[in-house]
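Spelled out, the chains give:
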Amino acid sequence: MEIKQQYANSPKTYEGYGSRLGTKKGASLDWGDYYFLHVHPPSLINQEKWPALPSSLRPTTDEYTQELLKLCRRLMRVLSKGLGLKEGRLQEAFGGDKDGACLRVNFYPKCPQPDLTLGLSPHSDPGGMTVLQVDDHVKGLQVRKDGAWVTVQPVPDSFIINIADQIEVLSNGAYKSVEHRVMVSSTAERLSMAFFYNPCSDIPLAPIPQLVMPDRPPLFLPMTFNEYRLYIRKNGPKGKSQVESLKIVPKAVHV
Ligand code: OGA
Ligand code: NI
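Conventions we followed
Residues numbered from 1 in each chain as written. Chains lettered and ligands numbered in written order. Predicted model: local features only at pLDDT ≥ 70, side-chain atom pairs only at ≥ 80, totals over all residues. Heavy atoms only, no water. Core = buried A, V, L, I, M, F, W, Y, C linked by side-chain atoms within 4.5 Å. Buried < 20%, exposed > 50% of the residue type's maximum accessible area, 1.4 Å probe, protein only. Helix = DSSP H or I, 4+ residues; strand = E, 2+ residues; numbered from the N terminus. Contact = heavy atoms within 4.5 Å. Phe/Tyr/Trp six-rings, centres within 6.5 Å; stacked < 30°, edge-to-face > 60°. Pairing = 2+ DSSP bridges. Axes fitted to C-alpha atoms, helices over the stretch in contact; angles between N-to-C directions. Donors = N, O, S within 2.8 Å, 3.2 Å for Na, K, Ca; no water. UniProt positions renumbered as here; feature names shortened; annotations may be inferred. Near = heavy atom within 4 Å. Polar contact = N/O pair within 3.5 Å; in protein donor to acceptor, adjacent residues only side chain to side chain. Areas by Shrake-Rupley, 256 points an atom, 1.4 Å probe, with all protein chains shown as cover. Nonpolar A, V, L, I, M, F, W, Y, C, P; charged D, E, K, R; others polar.

## Some thoughts on the nonpolar core
Core analysis: the largest hydrophobic core is formed by 37 residues, its most contacted members being L90, I167 and F195. Elements supplying a minimum of two residues to this core: β2 (33–40), α2 (57–82), α3 (89–93), β3 (100–108), β5 (129–134), α4 (165–170), β10 (190–198) and α5 (225–235). Among the elements that make up this core, the one with the highest residue count is α2 (6 residues). Beyond its immediate chain neighbours, meaning those up to four positions away, L90 contacts M76, L79, S80, L83, I167, L170 and I208. If you look at the next biggest cluster of nonpolar residues, it comprises 17 residues, including Y108, C111, L120 and L132.

As structure tokens, then:
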């Protein structure tokens, strides 16, 4: 506990060790702890918030970051092509090589009454996409499909990729961010690692013009990722309501 407190996060920087998301009074509390780090770009890395031990942690995290950045940038090219755009288009909207990444390591302890709480309340991830590495043996992650919660079966040696809110915004709703939550267990603790691949924080993001047409008006208002993230950090996880709140409300048509 002493060491955890030494690395405790604050609502200001958000980095380090913590146990809640949402600083607003009344935000729901979840049954889990996490460690949150900025891992890219190097200018945002605050080594003081990185645990000093084990000594392999820092070089391993660096290497993991470089490999996952490559994977995410490659997936961005595939997703661009899927939208009929040139392959660098989504990356360009993310600020090219000014993209960012954070790592969140989640720990969900055993819970004596798992049906009374959640490890992580329903939410969609705010950034671009998330590469999740989950426990091979302990289930917990659920995704919402057609209104129902579906448990994700862990597949050894594989990642789970979540589309997050900013890809929904840029694609003008063609790709949808996935709503997900985490259940807790009374018999097993669970660890997961979420690598969040994000746009540059101070560029306004809006639907890509080529994807906006008379019969497909822009669904979202422009907003920078910084503004969006602050909003979420204050309110805590709330399903998909955050990205929904960015939606342009169609004006009433007078005939
Ligand atoms: C997250 C998340 C899922 C998990 O950290 O945003 O959704 O399985 N984690 O821990
Ligand atoms: Ni998530």
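And the narrative resumes.
## Thoughts on α5
When α5 is considered as a whole, its buried residues turn out to be F225, Y228, R229, I232, R233 and N235. Following α5 by one or two positions, G236 has its phi on the positive side, about 80°.

## Here we look at the packing of aromatic side chains
Under the counting rule described, the total for this entry stands at 6 aromatic pairs. Relative to F195, the ring of Y64 lies with its centre 6.4 Å away and its plane at 90°, an arrangement referred to as edge-to-face. Separated by 131 residues along the polypeptide, Y64 in helix α2 and F195 in strand β10 bring together distant segments of the chain. The class of Y64 is buried, set by a relative accessible area of 19%. Counting every residue linked through ring pairs, the aromatic cluster contains Y7, Y17 and Y35.

## Notes on the sheet that holds strand β9 (residues 180–182)
Taken in spatial order, the 4 strands of this open sheet run β4-β9-β6-β7, and their pairing is antiparallel. The sheet is open, and its two edges are formed by β4 (120–123) and β7 (148–151), each paired on a single side. Strand-to-strand twist in this sheet, taken as the mean axis angle between neighbours without regard to direction, amounts to 25°. Looking at chain direction, strand β6 (residues 141–145) and β9 are connected through 3 bridges and run antiparallel. Counted as the bridge partner of V143 is H180 from β9.

## Some points on the coordination of the nickel ion (ligand 2)
Protein-derived coordination of the nickel ion (ligand 2) comes from H123 (NE2), D125 (OD) and H180 (NE2), at a distance range of 2.1 Å. As a motif over one chain, the donors of the nickel ion (ligand 2) read H-x1-D-x54-H. Taken individually, H123 and D125 each receive the classification buried, so the pair is uniform in this respect.

## Quick word on the environment of K234
Mapped onto the fold, K234 is located in helix α5. We classify K234 as partly exposed; its relative accessible area is 46%. In sequence terms K234 and A188 are 46 residues apart; their C-alpha atoms lie 30 Å from each other.

## Considering the side chain of N162
With respect to the helices and strands, N162 occurs in strand β8 (residues 160–163). With relative accessibility at 4%, the residue N162 sits in the buried group. Setting aside anything within four residues of it in sequence, one finds N162 in contact with D125, M129, T130, L132, V178 and H180.

## Examining the UniProt feature "domain: Fe2OG dioxygenase" (unreviewed entry) in the protein
Annotation from UniProt places "domain: Fe2OG dioxygenase" (unreviewed entry) at residues 99–199. A helix fraction of 6% and a strand fraction of 44% characterise residues 99–199, whose end C-alpha atoms lie 5 Å from each other.

## With respect to the site of ligand 1
Around ligand 1 lies a shell of 15 residues, among which N106, Y108, H180, R190 and S192 are the nearest. Here an oxygen atom of ligand 1 sits 3.1 Å away from a polar atom, N or O, in the side chain of N106. At 2.7 Å, a side-chain N or O of Y108 approaches an oxygen atom of ligand 1. Burial of ligand 1 by the protein chains amounts to 98% of its free accessible area of 290 Å². For the shell around ligand 1, the secondary structure elements donating two or more residues are β3, β4, β5, β9 and β10. The biggest single contributor to the shell around ligand 1 is β10, with 4 residues. For the shell around ligand 1, the per-class residue count stands at 8 nonpolar, 4 polar and 3 charged.

## Description of the sheet that holds β8
Pairing is antiparallel across the open sheet formed by 6 strands, whose spatial order is β1-β2-β3-β10-β5-β8. Of all strands in the sheet, those bounded by a partner on one side alone are β1 (16–18) and β8. Here the average twist between neighbouring strands, direction ignored, is 20°. Where β2 meets β3, 7 bridges bridge the pair, whose relative direction is antiparallel. Its bridge partner being in β3, Y35 is matched across the sheet by V105. Packing of α2 onto the sheet brings it into contact with β2, β3, β5, β8 and β10, and relative to β10 it is tilted by some 55°.

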